Amino acid sequence: MTLRRLLAASVAVLACSAGAAAAQVPLADVEAAVQAGAPQVVAWRRDLHANPELGFAETRTAGVVADHLRSLGLEVRTGVGRTGVVGVLRGARPGRTVALRADMDALPVLEATGLPFASTATGAYMGQTVPVAHACGHDSHVAMLMGAATVLAGMKDRIEGTIVFIFQPAEEGAPPGEPKGGAALMIDDGALRDPRPEAIFGLHVVPGKAGTVFYRPRGFMAASDRVDIRLSGRQTHGAWPWKGVDVISASAQIIQTINSLTARTVDPTTTPTVFTIATVDAGVRYNIIPAEATMSGTLRTFDTAQRDDLIRRARVAIDNVAETYGATAEFTIHQNAALTFNDEALSAWIAPVLAEAAGAENVNPGRPPTTVAEDFSFLAQEVPGVFYHLGGTADGVDPATAPPNHSPEFDVNESILPLGVKTHVLSALRFLERD
């Protein structure tokens, strides 16, 4: 064989090898594997739904997840961020690394769905025994990602690269007394190290036509801050308010001042902003003006600079109101979640992948921003990410009137579970397969 022919043969072999390495797993193969595992995904969802656990108490849930990942032959780390689980699937050949995330915690809600597998569980919250329910759909998130792990582990010999499965605790925010929620603690504990993903994807079930997928590039879900205000005055008889310092009247004016700050100083067409005082706690008797009052609420924003300025102005305004009444105010703020920011390039890249999974007619990449929050945002601050929503309203029900997340009646249409598995699988596969 001449040198020219030898070189030509070598180039052909290399080209063939490169083509094989880059070959996509056919959609039909993915769909067959997803459908084969669908009954198990439904069974997992119902089991988890009947056995919900509050943030940082997801010990049973984490055990179910870890046992399953180990059964698939994955590398498994437990206790990541208290109760989080990380599974690592290394493909047959080296390549990129991608991460998929699900959240595990439930809420202190009394379930009213009437489902045969409805929760009767209780848990400890703020020193009290409370009912616990998966009123936000995290049971389905865990089940879908476990199903995706099953499908992808079954394709290990066809995967070029590494997939990291992140099962996160305490997405609903840091429990009282805890400085950080689940995503931040998992980051601290190395969930995104060794291996470090180049991208991360996650989903959330929400009211919407079953089988639809929606998201938006850049700011998608609001930053969420918890606000606490403590007023100190001087107790007096309700008939003699001038002999004390009236924290009740001061509280009322502070609430109106906060409402005015957002309604009259922020352009809602450019940066949606919500500042809500949701609790007021003061006094024990109808004819005694108490010495103290506490309020708490939430601030939702889409612009960091605007958030910081609004906090500064709120602090000044609250101090001024308190001073007017002769009271003092203590204002504290704690960020539960940052702005969920979908990387622009990654958002454009994933659009055809989601269309492959759900059908182009069922994907909306231009969804308006939503003022609910997600601590996936902290993960996406570390590596480029995209978070998308999966419509899960019951057939025949108008999503606009369906019970929302966190409602006692919230439920997930189980027909969408295979789609969630498929979007997870395809986003991981196609990311690893891309040039």
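Residues numbered from 1 in each chain as written. Predicted model: local features only at pLDDT ≥ 70, side-chain atom pairs only at ≥ 80, totals over all residues. Heavy atoms only, no water.

### Focus on the overall build of the protein
Within the protein one finds 10 helices and 18 strands. By principal-axis analysis of the C-alpha atoms, the protein measures approximately 110 × 50 × 40 Å. Here the contacts in the protein between residues at least 6 apart in sequence split such that 82% fall between residues at least 24 apart. Roughly 19,100 Å² of accessible area belongs to the protein as shown, and the carbon and sulfur atoms make up 54% of that amount. Of the side chains in the protein, 35 bear a positive and 46 a negative charge, and the two mean positions are spaced by 4 Å. (Helix = DSSP H or I, 4+ residues; strand = E, 2+ residues; numbered from the N terminus. Contact = heavy atoms within 4.5 Å. Areas by Shrake-Rupley, 256 points an atom, 1.4 Å probe, with all protein chains shown as cover. Lys, Arg positive; Asp, Glu negative; His and termini not counted. Charge placed at Lys NZ, Arg CZ, Asp CG, Glu CD.)

### A closer look at the packing of helix H3 (residues 59-71) against helix H4 (residues 138-153)
For the pair H3 and H4, the least separation of the axes is 10 Å and the interaxial angle reads 10 degrees. Here H4 runs roughly parallel to H3, going by the angle between their axes. Counted together, Val64, Val65, His68 and Leu69 of H3 and Val142, Met146, Ala149 and Thr150 of H4 form the full contact between these two elements. (Axes fitted to C-alpha atoms, helices over the stretch in contact; angles between N-to-C directions. Parallel < 35°, antiparallel > 145°, perpendicular 65-115°, else oblique.)

### Describing the environment of glycine 137
Among the structural elements, glycine 137 can be located in the loop between strand S5 (128-131) and H4. Look at glycine 137 and you get buried, because its relative accessible area is 0%. Residues glycine 137 and glycine 182 lie 45 residues apart in sequence; the distance between their C-alpha atoms is 17 Å. Residues within four places of glycine 137 in sequence aside, it is in contact with Val205, Phe410 and Val412. (Buried < 20%, exposed > 50% of the residue type's maximum accessible area, 1.4 Å probe, protein only.)

### Considering the pattern of salt bridges
This structure, assessed with the given rule, holds 25 salt bridges. For the salt bridge of glutamate 356 with arginine 430, the shortest nitrogen-to-oxygen distance reads 2.8 Å. In this pair, glutamate 356 sits in helix H8 (residues 344-358) while arginine 430 sits in helix H10 (residues 417-433), placing the two residues 74 residues apart along the sequence. According to the relative accessible area criterion, glutamate 356 is partly exposed, its value standing at 25%. On the accessibility criterion, arginine 430 (5% relative accessible area) is buried. A single network of salt bridges, built from pairs that share partners, joins Arg45, Arg46, Asp139, Asp411 and Glu414. (Salt bridge = Lys/Arg side-chain N within 4 Å of Asp/Glu carboxyl O.)

### Description of the sheet that holds strand S1 (residues 75-80)
On the basis of which strands lie adjacent, the open sheet formed by eight strands has the order S1-S2-S6-S3-S7-S18-S8-S17 and mixed pairing. The sheet is open, and its two borders are formed by S1 and strand S17 (363-364), each paired with just one other strand. In terms of strand pairing, strand S7 (residues 199-206) meets strand S18 (residues 385-391) through seven bridges, oriented parallel. Bridge pairing links phenylalanine 201 to valine 386 in S18. (Pairing = 2+ DSSP bridges.)

### Examining the side chain of glutamate 58
Inspection of the secondary structure assignment puts glutamate 58 in the loop between helix H2 (27-50) and H3. Of the side chains with opposite charge, arginine 82 comes closest to the buried, unpaired glutamate 58, at an N-O distance of 8.7 Å. One polar contact links the side chain of glutamate 58 to the main-chain amide nitrogen of phenylalanine 56, over a distance of 2.9 Å. Not counting chain neighbours up to four residues away, the residues in contact with glutamate 58 comprise Glu53, Thr83, Met104, Asp105, Pro169 and Ala170. (Polar contact = N/O pair within 3.5 Å; in protein donor to acceptor, adjacent residues only side chain to side chain.)

### Section: the sheet that holds strand S15 (residues 328-337)
Read across the sheet, four strands follow the order S12-S14-S10-S15 without closing on themselves; strand pairing throughout is antiparallel. Both edges of this open sheet fall to strand S12 (274-282) and S15, since each of them pairs with a single strand only. When the angles between neighbouring strand axes are averaged without regard to direction, this sheet yields 20 degrees. As paired elements, strand S10 (residues 223-232) and strand S14 (residues 292-301) share 10 bridges and run antiparallel to each other. By the bridge assignment for S14, leucine 231 is matched with alanine 293. The sheet strands contacting helix H7 (residues 304-325) are S10, S12, S14 and S15, and the helix crosses S15 at an angle near 160 degrees.

### Quick notes on the side chain of histidine 134
With respect to the element layout, histidine 134 can be found in the loop between S5 and H4. In terms of polar contacts, histidine 134 uses its side chain to reach the backbone amide nitrogen of aspartate 139, at 3.5 Å. Filtering out sequence-adjacent residues up to four positions away, histidine 134 remains in contact with Leu48, His49, Pro52, Met104, Asp105, Ala106 and Asp139.

### Description of the confidence of the model for the protein
Summarising the model, the protein shows a mean pLDDT of 94, and 95% of its residues fall at 70 or more. Mean pLDDT per element in the protein: helix H1 (residues 3-22) is the minimum at 37, and H4 is the maximum at 99. pLDDT under 50 marks residues 1-21. Its contacts with residues more than four places away, or in other chains, come to four contacts. (pLDDT = per-residue confidence, 0-100.)

### Considerations on the packing of aromatic side chains
Under the counting rule described, the total for this entry stands at four aromatic pairs. Between tryptophan 349 and phenylalanine 431, the aromatic rings sit 5.8 Å apart at their centres with planes inclined by 90 degrees, giving edge-to-face as the arrangement. Of this pair, tryptophan 349 sits in helix H8 while phenylalanine 431 is found in helix H10, placing the two residues 82 residues apart along the sequence. Here phenylalanine 431 falls in the buried class, since its relative accessible area comes to 1%. Members of the aromatic cluster, connected to one another through ring pairs, are Phe201, Trp349 and Phe431. Positioned above the aromatic ring of phenylalanine 214, the side-chain terminus of arginine 367 is 4.0 Å from the ring centre. (Phe/Tyr/Trp six-rings, centres within 6.5 Å; stacked < 30°, edge-to-face > 60°. Lys NZ or Arg CZ within 6 Å of the ring centre and 35° of its normal.)

### What to know about the pairing of S18
For S18, the buried fraction is high: seven of the seven residues fall into the buried class. Taking every second residue as pointing to the same face, both faces of S18 are buried, with Gly385, Phe387, His389 and Gly391 on one and Val386, Tyr388 and Leu390 on the other. As judged from the two bridges shared by strand S8 (residues 213-214) and S18, these two strands associate in the antiparallel manner. In the strand pairing of S18, valine 213 is matched with leucine 390.

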